[in-house]
Amino acid sequence: MKTNHIAGLSTILMLAMVPQTAFAMHIMEGFLPPVWALTWWLLFIPFLILGVRQLKQIVSQNSHQKVLLALCGAFIFVLSALKLPSVTGSCSHPTGVGLAIILFGFLIVPVLGGIALLFQALLLAHGGITTLGANGMSMAVIAPVVGYLVWITTNKIGLRKDICVFLCAMLADLATYIATAFQLGAAFPDPQFGMWAAVSKFMGIFCLTQIPIAIAEGLLTVLVYDQLTKRQLLTISEH
Amino acid sequence: MKKTVLLLSLVIALAVLPFFINHGGDYGGSDGAAEAVIQQLAPDYQPWFTPFFEPASSEIESLLFTLQGSIGSAVIFYILGYYRGKRAGHANHR
């Protein structure tokens, strides 16, 4: 019981002190122990396969869908290149997966996200090949599932369309970094206070930095969604 | 149009706002800071794999980041422009 208190207190202290520097980025090359790197890769691969199947299906359909797919991929590409300053005094980048979730559901995102992650891992030494499984799971599987659930629920309760879009994109962005905090916390548990202390420590770093960026991502997604509706690329009945 | 401008200015405000808050941050957010946190939790941990290719300098890195952004924006604006033109074309025919 006492250790719990200490753990809690130290977590709060860490939350108060740590946000000076944050690395809200993807997990770097070599920074997951081999067991974890492999585990996340093995989890990611089935989703990648499902994604490729979904991709083939979409491409075989009409060109209209192909265009939207390209747009979603490009949106992820652009947003993951934008390192934005955050109120915590460090930079982080959005993920851009929200648009793809809204237009195609979560199954396609592993492929689109995987392409962006691969580009950054190979050419920018940002993220990594060994950690691509973990980064893919957080950004292109877990976050899209969260975003999709948000999208479905907000639509069901009948919120305004642009608010649904905003919430879906924003929460998917946050979910990416929450998942990353869990991945790092599980791989590097706090020697004294265990995994949860480590998770909440990583969470404190990630989420504080990420909140304003997630909001920006939500707004940008609404902007593009509006443009698509304006060009009748999306009809209300369709989505 | 009004909404687009509003959304854009909100995004810009979110990006500029941090500079008006005095928090002593250095806007690093780079991978170096990550190492520090992990090494604090697991001092003995050694990265077991290094990237095949690392940009030669921060200039080259920003070049590649710009390239990534440009490729993406090119696709987005091509598509948006294409459909805008198409719609305008339709309007002319009517």
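Along each chain, residues carry numbers from 1 onward, in the same order as the chain's sequence is written. Chain A is the first chain written and ligand 1 is the first ligand written, with later ones labelled in order. Given that the model is predicted, a residue must reach a pLDDT of at least 70 before its local features are reported, and side-chain atom pairs must reach 80 or more before they are shown or counted; all residues, however, enter totals for whole chains, interfaces and linings. Based on all heavy atoms of the structure, the side-chain values leave hydrogens and waters out of the count.

Novice: Describe the overall build of chain B, naming the residues involved and giving the relevant values.
Specialist: Every helix listed is a DSSP run of H or I at least four residues long, and every strand listed is a run of E at least two residues long, numbered separately from the N terminus. When helices and strands are tallied, chain B shows 3 helices and 0 strands. Ordered by position from the N terminus, the helices and strands of chain B form the series α-α-α. To sort residues, take the accessible area from a 1.4 Å probe on protein chains only and compare it with the maximum for the residue type: under 20% means buried, over 50% means exposed, and anything in between is partly exposed. In chain B, buried positions account for 26% of the 94 residues. Using a 1.4 Å probe, accessible areas were evaluated by the Shrake-Rupley method; residue-level cover was limited to the displayed protein chains. For chain B, the accessible area works out to roughly 6,600 Å², and carbon and sulfur atoms hold 65% of it.

Novice: Explain the side chain of Thr131 of chain A to me, and be specific about the residues and the numbers.
Specialist: All names here are of chain A. As for its position among the elements, Thr131 is in the loop between α5 (109–123) and α6 (132–156). Using a relative accessible area of 0% as the deciding quantity, one classes Thr131 as buried. Polar contacts, as used here, are pairs of N or O atoms within 3.5 Å; protein pairs need one atom able to donate a hydrogen and one able to accept it. Residues neighboring in sequence count only if both atoms are side-chain atoms. Looking at Thr131, its side chain comes within polar contact range of the main-chain nitrogen of Gly128, at 3.2 Å. Only heavy atoms matter for contacts: two residues are in contact if any of them lie within 4.5 Å across the pair. Not counting residues within four places of it along the chain, the set of residues in contact with Thr131 comprises Ile27, Met28, Glu29, Gly30, Phe31 and Leu32.

Novice: Just give me the short version of the interface of chain B and chain A, but keep the residues and values in it.
Specialist: For an interface, size is often stated in terms of accessible area lost upon the parts coming together. Of the residues lining the interface, 55 residues belong to chain B; the matching set on chain A comes to 66 residues. Of the roughly 5,400 Å² buried between chain B and chain A, counting both surfaces, carbon and sulfur atoms make up 73%. The salt bridge definition used is simple: a Lys or Arg side-chain nitrogen within 4 Å of an Asp or Glu carboxyl oxygen. For the interface between chain B and chain A, the tally reads 3 salt bridges. There are 12 residue pairs in polar contact (both at pLDDT 80 or more) connecting chain B and chain A. Going through the elements one at a time, α1 (2–16), α2 (31–41) and α3 (58–93) of chain B are the ones with two or more residues in the side of chain B that touches chain A. With 15 residues, the top contributor of residues to the side of chain B that touches chain A is α3 of chain B. As a working rule, the residues Ala, Val, Leu, Ile, Met, Phe, Trp, Tyr, Cys and Pro are called nonpolar, Asp, Glu, Lys and Arg charged, and the rest polar, with Gly in that last group. A class-by-class count of the residues in the side of chain B that touches chain A yields 34 nonpolar, 13 polar and 8 charged. Put simply, buried area is how much 1.4 Å-probe accessible surface two parts lose in total, over both of them, once they are put together.

Novice: I'd love a proper account of α5 of chain A, names of residues and values included.
Specialist: The end-to-end C-alpha distance of α5 of chain A is 21 Å, a good match for the 21 Å that 15 residues give at a rise of 1.5 Å each. In terms of burial, α5 of chain A is largely enclosed, as 11 of its 15 residues are buried. Buried within α5 of chain A we find Val109, Pro110, Val111, Leu112, Gly113, Gly114, Ala116, Leu117, Phe119, Gln120 and Ala121 of chain A. Where α5 of chain A is buried, its residues contact α2 (34–60), α3 (63–79), α4 (97–104) and α6 of chain A together with α3 of chain B. One or two positions beyond α5 of chain A, positive phi appears at Ala125 of chain A, with a value near 50 degrees. A helix's residues, less one, multiplied by 1.5 Å, set its expected span.

Novice: Let's hear about the UniProt feature "transmembrane region" (unreviewed entry) in chain B: which residues, and what values?
Specialist: Annotation from UniProt places "transmembrane region" (unreviewed entry) at residues 60–80 of chain B. Helix makes up 100% of residues 60–80 of chain B and strand 0%, whereas the separation of the span's terminal C-alpha atoms amounts to 30 Å. UniProt positions are given in the numbering used here, feature names are shortened, and annotations may be inferred rather than shown by experiment.

Novice: Which residues make up the nonpolar core, and what values do they have?
Specialist: Put simply, a nonpolar core is a bunch of buried Ala, Val, Leu, Ile, Met, Phe, Trp, Tyr and Cys residues held in one set by side-chain atoms that sit within 4.5 Å of each other. In terms of nonpolar packing, the biggest core is built from 86 residues, with Leu32, Leu103, Phe104, Leu184, Phe188, Phe202 and Leu228 of chain A touching the most fellow members. At 15 residues, helix α8 (residues 194–230) of chain A tops the list of elements feeding residues into this core.

Novice: Kindly report on the packing of α3 of chain A against α5 of chain A, identifying the contributing residues and their values.
Specialist: Residues and elements named next belong to chain A. Note on geometry: axes are lines fitted to C-alpha atoms, helical ones only across the stretch in contact, with angles between N-to-C directions running from 0 to 180 degrees. At a minimum axis distance of 9 Å, the contact between α3 and α5 shows a crossing angle of 40 degrees. The two elements α3 and α5 cross, and the hand of that crossing is right-handed. Residues Leu69, Cys72, Gly73, Ile76 and Phe77 of α3 lie in contact with α5, whose contacting residues are Leu112, Gly113, Ile115, Ala116 and Phe119. Grouping the constituent residues of the contact of α3 with α5 by class yields 8 nonpolar, 2 polar and no charged. Should the near helix be turned counterclockwise from the far one by less than a right angle, the crossing is left-handed, whereas a clockwise turn marks it as right-handed.

Novice: So what's going on with the packing of aromatic side chains? Which residues, and what values?
Specialist: For Phe, Tyr and Trp, where Trp contributes only its six-membered ring, two rings pair if their centres lie within 6.5 Å, and the inter-plane angle classes them as stacked under 30 degrees, edge-to-face over 60, or tilted in between. The final tally for this structure, using the stated rule, is 11 aromatic pairs over all chains. Ring geometry for Phe182 of chain A versus Trp196 of chain A: centroids 5.7 Å apart, planes at 85 degrees, classification edge-to-face. Here Phe182 of chain A, found in helix α7 (residues 161–187), pairs with Trp196 of chain A, found in helix α8; they are 14 residues apart in sequence, far enough to count as distant. You can call Phe182 of chain A partly exposed: its relative accessible area is 30%. Among the residues examined, Trp196 of chain A registers a relative accessible area of 57% and is labelled exposed. With a centroid separation of 5.9 Å and an interplanar angle of 65 degrees, the aromatic rings of Trp48 of chain B and Phe49 of chain B are classed as edge-to-face. Counting every residue linked through ring pairs, the aromatic cluster contains Phe31 and Phe188 of chain A together with Tyr45 of chain B.

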